[in-house]
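# Structural characterization, general
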Number of protein chains: 4
Amino acid sequence: MVDPDEIVAVIGKTHGNGLVNDYTRGFLTQSLAFLISGVTGETPDAVKRRIPFIFSGGVEGVLSPHYSVFTVTESITENAEKALAVGVAFTPELAPGDIGRQRQIDLTAEAVTHAMQSANIQSSADVHFVQIKGPAFTVSDILADADGKPTSDNPGKLMGLGRAASALGVAKALGEIPASRAVEAAIGKDFGAFSSVASCSAGVEVRGNEVIVLGMSSQWSGPLAIEHAALKDALDTAGVRNALSALGFPEALQLSNEQASRLRAVFVKCEASRDGIIRGKSHTMLNDGDIDQQRHIRAAVGAIVASVVNDTAIFVSGGAEHQGPDGGGMIAIIAERTA
Amino acid sequence: MVDPDEIVAVIGKTHGNGLVNDYTRGFLTQSLAFLISGVTGETPDAVKRRIPFIFSGGVEGVLSPHYSVFTVTESITENAEKALAVGVAFTPELAPGDIGRQRQIDLTAEAVTHAMQSANIQSSADVHFVQIKGPAFTVSDILADADGKPTSDNPGKLMGLGRAASALGVAKALGEIPASRAVEAAIGKDFGAFSSVASCSAGVEVRGNEVIVLGMSSQWSGPLAIEHAALKDALDTAGVRNALSALGFPEALQLSNEQASRLRAVFVKCEASRDGIIRGKSHTMLNDGDIDQQRHIRAAVGAIVASVVNDTAIFVSGGAEHQGPDGGGMIAIIAERTA
Amino acid sequence: MVDPDEIVAVIGKTHGNGLVNDYTRGFLTQSLAFLISGVTGETPDAVKRRIPFIFSGGVEGVLSPHYSVFTVTESITENAEKALAVGVAFTPELAPGDIGRQRQIDLTAEAVTHAMQSANIQSSADVHFVQIKGPAFTVSDILADADGKPTSDNPGKLMGLGRAASALGVAKALGEIPASRAVEAAIGKDFGAFSSVASCSAGVEVRGNEVIVLGMSSQWSGPLAIEHAALKDALDTAGVRNALSALGFPEALQLSNEQASRLRAVFVKCEASRDGIIRGKSHTMLNDGDIDQQRHIRAAVGAIVASVVNDTAIFVSGGAEHQGPDGGGMIAIIAERTA
Amino acid sequence: MVDPDEIVAVIGKTHGNGLVNDYTRGFLTQSLAFLISGVTGETPDAVKRRIPFIFSGGVEGVLSPHYSVFTVTESITENAEKALAVGVAFTPELAPGDIGRQRQIDLTAEAVTHAMQSANIQSSADVHFVQIKGPAFTVSDILADADGKPTSDNPGKLMGLGRAASALGVAKALGEIPASRAVEAAIGKDFGAFSSVASCSAGVEVRGNEVIVLGMSSQWSGPLAIEHAALKDALDTAGVRNALSALGFPEALQLSNEQASRLRAVFVKCEASRDGIIRGKSHTMLNDGDIDQQRHIRAAVGAIVASVVNDTAIFVSGGAEHQGPDGGGMIAIIAERTA
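Residues numbered from 1 in each chain as written. Chains lettered and ligands numbered in written order. Predicted model: local features only at pLDDT ≥ 70, side-chain atom pairs only at ≥ 80, totals over all residues. Heavy atoms only, no water.

### A closer look at the overall build of chain A
Along chain A, the regular secondary structure elements total eight helices and 13 strands. Here the C-alpha radius of gyration of chain A, 19 Å, is about what a compact globule of 339 residues would show, namely 20 Å. Expressed as a percentage of the 339 residues in chain A, the buried residues total 62%. In chain A, the share of contacts with a sequence separation of at least 24, taken over all contacts with a separation of at least 6, comes to 80%. (Helix = DSSP H or I, 4+ residues; strand = E, 2+ residues; numbered from the N terminus. Rg over C-alpha atoms; globule rule 2.2 N^0.38 Å. Buried < 20%, exposed > 50% of the residue type's maximum accessible area, 1.4 Å probe, protein only. Contact = heavy atoms within 4.5 Å.)

Shown next as structure tokens:
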């Protein structure tokens, strides 16, 4: 049983295409806000201001729609070891002209720092996943902000620039890169400047960046732990294995059902490599006019990860600009600690 | 260097959608027929009558377009062990009204038997892969054969019925099921009646069933071997592993580059499970109006297999009706033998 | 200003694909139910039981998302002539096994009769448009009703069977066909049995058939009138013209802006002709694996009607089984009466 | 009967998506080159060097796949009036780095002038249609030309820049704009700089710009005439009517069958308006992640034109950058002259 007052964040995958015209993210946000408000007595708007609902559209291939609800209970407990900690924060509203700009980078960095502090996570090294949902805009929104001079009038491209700026904000806040590289000019150019723990999405259903920081803290207790690892490319099952090993899962081609029952959430970020090549052979994702490259890569990497962890309810998000190594991405896993 | 006179079959993946309106299969067939005819002096039509060109459209996700060329050289060699053998055959032309019917089942069975004999494969147990390409028809083709009473006027559905009938023909020829179950009435009903080695496609570019039988024979020599395994469901990496183990590959999450260099071809058949469930969790492939279920499942299972064998140039075909266990499929792998 | 208490029906076009996995219909329904409930003090569920919200997804090509709100004010007025009248009704819930069955035909017919009576429309000849939204089901819904033996386990096909049964119910209620032809066996076979005023949709967001009857009645007053006409095929601009002429619009290639300002709503039903031919030339809509035939035909016929009436905010719904002549459809137009 | 030696150009619509990964254009080109070479004794390559085959993919909605074959017979005839004239030319090969650049503008202008001269068209005012097919490139092609610094690494975007440069080349050659506006810097900026007769496409199947100029000349005789008109926006049936009127067709909502039998070819260029608005109402074409904007607009404008001319075999091409007024496009019609 979930106590709605204890919910602090929700992350999930919905049925839409995950692109500009995906309304399933907003639909689920609205549905949950009304559901919770009906129990807590808050207004739905107050619920949305209190709880970041971060949904990514697109459950291609074997992926299963689902969402993970994070709840926190206040208690006084002796801690033998660090436990999963969660903090949230919101930036001010962003206009189309702010997307992919220094303002988005800096506001995101501030929000990440704030969320980390509110979670009592002492060190950046203890942060394993930062999920961000920033705003996307339709053509008419973009044109209406002519004064802001948006960096692109292509809605899909602007989504990507926003993901990139958000990722650089995370990297800056956590000290993964020096502030001098967390700049607007690095977007789409300096791919060595990336965050290893950022996962950034965009959607028309939000107007500012919503930030969820997940890490380990000695101020928290509970049965759960989180770890992360880089994915070097789309086939990097060794990366998946690294995250699993850090959580104490034994080596195997695929987790057994019993092992998989320890999993609480799996978050993956990935992208179709920009040079059209994976391990020396060409892919066709970037030339396809029928299926967007993000849907292709989510289907592929989602299935690969699902096959290793023996679970299809994993969060997979495409568009990994400055989120993990170029052409790759990252994975974070929450699991019950072994005894 | 390939000697065009020695080519006996070509199997590959092309760039199209793999559905009714995929013209990339026909384009590549025409291109290769002209290319070969320019060297051998045959007419392009003679080339097409001699060599089955079996292409499957759809290189979703990480998959890489490619084709495998099978060549045979006559020689007199002492054989220490069995080697890869290949045989081909063609059924007579099939009309829309023949698709998914007993006539297609029986003609396919005859052709498989003929191809197996021509390959000097003694036992059905030595057959590891039977690739079939049968005809697909557009709406106007179907309506033009009103006398034949086609089993469906939906072009995509008729493709599926043709794949099913072809698979039952293979199962009958190889004795995988008794003749009493290789009947029209079993199609789409008796899913326990299947072939473990059949991989059936359909395309508008052919008018009869083209059959390629691959197996092991003591009458052949050469460095290659073939093995196959069933895939129980979309996440069945253990099945992939079974085929690899039969070929002597050591256990690993992923083949190393050196190990993968032994691979010559990987053929996979798969399908979106009919009940909308994979290992207890729902998938959305059957309800998607934007991306066909076959494109979803090829992207997913193709990526999973690619991640295990460390190669993206694998042949993955969707629509596994009566080809492997229901909801799963099969895999066949050709590799250089270990010394 | 709309008084929410006076709203009796809403019909509109939303941004989704109009197929099984279109959640924009449900999203708008939920949004409006909450919006209205916030003003009237009803619960959102009570709003949904009182007001049929009938949305069709898919604003392809030039079409513009929009919705038409029908409000009714009680008054005592002398009537010189008949005016637009509206009545609504709901059938009981329908299970997957009811779809495309006699039960759906008969319950729909009863609901139409009921809605017509509640609208005080005396004669069937005065009914010009009957909009129905019936339930659609996903694969898992369909499989869960195994006892009901649904007529198809293909969600998209089942939507079409439901539209057909609903249309036959309308035709039966209005006496357009004898009850002996309004039978389950006629579906997909007896295409001469159709309703000239029915427009039927299906969506996962409803569980019974929701019925809106629009016609002319001397019991009503107001500035609006409605007329309808058959569309013989996808290019039948003469049909569009017939409906306009009945409302007193002068002949023209395209209405002027001033003329178009009289329009209040335009409803169109259309389909890709089953034989793959329009006026002797082939179309490709039925063979396309990338874009569903309904999206194609809505884009085409929607644009044609928009070009004649000089307005892109028109309701266009695909899937015209037994709704207008085979291969065509129908059009109904609400406009201010000329003085 | 067509004499293959007399064929000078072929223009048509094929079944593909009309985007980067459309191989139906190349397939038909190859098929016709082989067909013609089999009769004339030329090599297929020589046929392709002699005859421009310009195919546009995408027969959305009611559109019918077809191609128009232009043949020319030498004769000595007294001319009472001007008749349809055709001239062709080819630019040198263009690399990815040339696309959307001054070099493409200028080479195209030279080729247009050359084609016009070869057609003996005396005045620019007599040119009514210039069809150009330029090269498109996949991601790997683009990356391989890093020295050329291609203006975009997005294949679809590069196609658009190439269409724009080609159109400016036509406008320059015909004196529609001064040379000072036919510059690289005008692309995507100075939308007042456009050609009223240009229709530009791009495809991976060609490597230079192929140019077909159609106009009227007193040096030619024959029963055919060509006229053109601007399309101000997607609903501009008055523009269609203008072209018809110039050819002597009487006013009508739709041509009768007898009238339509005079038509020989209809060419249309159109685009989804950049501001997301048509006549004051929003469209959704630019925000759609499932269907490309070009497929939407071809379906819509193609259907509108088809409904006016009573023929679905019309050539409709999307992507009208600098081809006709911004947000609109152009139409050219070839018809038998009235007696």
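What follows continues from the structure just given.
### Brief notes about the relation of the copies chain D and chain C
It takes a turn of 180° to lay chain D on chain C, together with a shift of 0.0 Å along the axis; the resulting RMSD is 0.0 Å. Considering both components of the superposition, the chain copies are consistent with a two-fold axis. When the interface residues of chain D are mapped onto chain C, 100% of them are again interface residues, pointing to one common binding face. (Least-squares fit on C-alpha atoms with pLDDT ≥ 70 in both.)

### Focus on empty space enclosed by the protein
Empty space among the atoms becomes visible once a probe the size of a water molecule is rolled across them. In total, this model carries 16 cavities of 30 Å³ or more according to the counting rule given. The residue makeup of the lining of the largest cavity, split by class, is two nonpolar, ten polar and eight charged. (1 Å grid on protein atoms, 1.4 Å probe; cavity = no way out; pocket = protein on both sides within 12 Å on 5 of 7 lines; lining within 4 Å. Points joined across faces, edges and corners; volume = space filled by probe spheres on them. Nonpolar A, V, L, I, M, F, W, Y, C, P; charged D, E, K, R; others polar.)

### Some points on the interface of chain B and chain A
Contact residues are listed per partner, giving 39 residues for chain B and 39 residues for chain A. When the two sides are added together, the surface that chain B and chain A hide from each other amounts to roughly 3,000 Å², 61% of it contributed by carbon and sulfur. Across the contact surface, chain B and chain A share two salt bridges. For the salt bridge of Lys-281 of chain A with Asp-311 of chain B, the shortest nitrogen-to-oxygen distance reads 2.7 Å. Counting across the chain B and chain A interface gives 16 residue pairs in polar contact (both at pLDDT 80 or more). Looking at which element gives the most residues to the side of chain B that touches chain A, the answer is helix H8 (residues 293-309) of chain B, with nine residues. Partitioning the side of chain B that touches chain A into residue classes produces 19 nonpolar, twelve polar and eight charged. (Buried area = accessible area lost by both parts, 1.4 Å probe. Salt bridge = Lys/Arg side-chain N within 4 Å of Asp/Glu carboxyl O. Polar contact = N/O pair within 3.5 Å; in protein donor to acceptor, adjacent residues only side chain to side chain.)

### Some remarks on helix H6 (residues 237-246) of chain D
When we look at burial in H6 of chain D, the residues that qualify are Thr-237, Gly-239, Val-240, Arg-241, Ala-243 and Leu-244 of chain D. Among the structural elements, helix H8 (293-309) of chain C together with strand E8 (224-231), strand E9 (263-270), helix H8 (293-309) and strand E13 (329-336) of chain D are those in contact with the buried residues of H6 of chain D. Looking one or two residues beyond H6 of chain D, the residue adopting positive phi is Gly-248 of chain D, at roughly 85°.

### So, the pairing of strand E12 (residues 315-318) of chain B
All names here are of chain B. Residues Phe-315 and Ser-317 of E12 are buried on one face, and the alternating residues Val-316 and Gly-318, pointing to the opposite face, are buried as well. Here strand E9 (residues 263-270) runs beside E12; their pairing, made up of four bridges, is parallel. Paired with Val-268 across the two strands is Val-316, which belongs to E12. (Pairing = 2+ DSSP bridges.)

### Regarding the sheet that holds strand E3 (residues 66-71) of chain C
Residues and elements named next belong to chain C. Strand order across the open sheet formed by three strands is E2-E1-E3, with mixed pairing between neighbours. Two strands in the sheet have a free side with no partner beyond their single neighbour: strand E2 (53-57) and E3. The average undirected angle you get between the axes of adjacent strands in this sheet is 10°. Across the sheet, helix H1 (residues 24-40) is in contact with strand E1 (7-14), E2 and E3; its angle to E2 comes to roughly 150°. (Axes fitted to C-alpha atoms, helices over the stretch in contact; angles between N-to-C directions.)

### Focus on a nonpolar patch on the surface
All names here are of chain A. Together, Val-2, Tyr-67 and Val-69 line one region of the surface with nonpolar side chains, adding up to about 240 Å² of accessible area. With respect to the helices and strands, Val-69 occurs in strand E3 (residues 66-71). Using a relative accessible area of 35% as the deciding quantity, one classes Val-69 as partly exposed. (Patch = residues over 30% accessible without salt bridge, like charges linked within 9 Å, V, L, I, M, F, W, Y side chains within 5 Å. Areas by Shrake-Rupley, 256 points an atom, 1.4 Å probe, with all protein chains shown as cover.)

### Points about the sheet that holds strand E4 (residues 83-93) of chain B
Sheets are built from strands that pair by backbone hydrogen bonding, the pairs being arranged parallel or antiparallel. Residue and element names in this part refer to chain B. In spatial order, the strands read E4-E7-E5-E6; together these four strands make up an open sheet with mixed pairing. Sheet topology places E4 and strand E6 (198-203) at the edges, where each strand pairs with a single neighbour. The average undirected angle you get between the axes of adjacent strands in this sheet is 15°. As paired strands, strand E5 (residues 127-135) and strand E7 (residues 208-217) are joined by six bridges and run antiparallel to one another. Bridge assignment links Val-130 to a residue of E7, and that residue is Val-213. In the packing of helix H3 (residues 102-118) onto the sheet, contacts are made with E4, E5 and E7, and the angle to E4 comes to roughly 145°. Running over the sheet, helix H5 (residues 155-173) touches E5, E6 and E7 and is turned about 145° from E6.

### Overview of the packing of helix H8 (residues 293-309) of chain A against H8 of chain B
Direction vectors running N to C along H8 of chain A and H8 of chain B enclose 55°, while the axes themselves pass 8 Å from each other. When the axes of H8 of chain A and H8 of chain B are compared, the pair comes out oblique. As for the relative orientation of H8 of chain A and H8 of chain B, their crossing is right-handed in sense. Between H8 of chain A and H8 of chain B, the contacting residues are Ala-299, Ala-300, Ala-303, Ile-304 and Ser-307 of chain A on the first element and Ala-299, Ala-300, Ala-303, Ile-304 and Ser-307 of chain B on the second. When grouped by side-chain class, the residues that make up the contact of H8 of chain A with H8 of chain B number eight nonpolar, two polar and no charged. (Parallel < 35°, antiparallel > 145°, perpendicular 65-115°, else oblique. Left-handed = near helix turned anticlockwise from the far one by under 90°.)

### Structural notes on the interface of chain D and chain C
Chain D puts 39 residues into the contact, and the matching count from chain C is 39 residues. A combined buried area of about 3,000 Å² lies between chain D and chain C, and 61% of that area is made up of carbon and sulfur atoms. Taken together, the links from chain D to chain C amount to two salt bridges. Run the count over chain D and chain C and you get 16 residue pairs in polar contact (both at pLDDT 80 or more). The set of elements that each furnish at least two residues to the side of chain D that touches chain C consists of H6, strand E11 (281-282) and H8 of chain D. Counting residues per element, the side of chain D that touches chain C draws most heavily on H8 of chain D, at nine residues.

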